[in-house]
Amino acid sequence: MTASRGALRLADGLSLIAARLSEVGIVAMTMLLTYEVVARYVFRAPRIGHRTSRPR
């Protein structure tokens, strides 16, 4: 029974780490998207990755 409890603790710890990492990732993506929208509409900047001229 000790081995199964250890495995459960390991799985619980890994899921906690994954939850924290995804929490940070979601916050970062939200902040970047908000920045892009503000830059595009308030400062009239082109969107990220947008080419300002056509290739010839």
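These lines cover the structure that appears in this document, whether it is placed above or below. (Residues numbered from 1 in each chain as written. Predicted model: local features only at pLDDT ≥ 70, side-chain atom pairs only at ≥ 80, totals over all residues. Heavy atoms only, no water.)

All right, on to the overall build of the protein chain then. Helix and strand content of the protein chain: one helix and zero strands. A buried classification covers 4% of the 56 residues belonging to the protein chain. When the accessible surface of the protein chain is totalled, it reaches about 5700 Å², and 65% of it is carbon and sulfur. (Helix = DSSP H or I, 4+ residues; strand = E, 2+ residues; numbered from the N terminus. Buried < 20%, exposed > 50% of the residue type's maximum accessible area, 1.4 Å probe, protein only. Areas by Shrake-Rupley, 256 points an atom, 1.4 Å probe, with all protein chains shown as cover.)

Our next topic: the pattern of salt bridges. Opposite charge on two side chains permits them to pair, given that their charged atoms come into close proximity. Counted by the stated rule, this structure contains two salt bridges. As a salt-bridge pair, Arg 20 and Glu 23 come within 3.3 Å of each other at their nearest N and O atoms. In this pair, Arg 20 and Glu 23 both sit in helix 1 (residues 2-41), three residues apart, roughly one turn of the helix. Exposure remark for Arg 20: the relative accessible area of 51% places this residue in the exposed category. (Salt bridge = Lys/Arg side-chain N within 4 Å of Asp/Glu carboxyl O.)

Moving on: a nonpolar patch on the surface. Together, Leu 33, Val 37, Val 38, Tyr 41, Val 42 and Phe 43 give the surface a local cluster of nonpolar side chains, amounting to about 630 Å² of exposed area. With respect to the helices and strands, the residue Leu 33 is situated in helix 1. (Patch = residues over 30% accessible without salt bridge, like charges linked within 9 Å, V, L, I, M, F, W, Y side chains within 5 Å.)

Interpretation note: all reported values are geometric properties and have no functional meaning in isolation.
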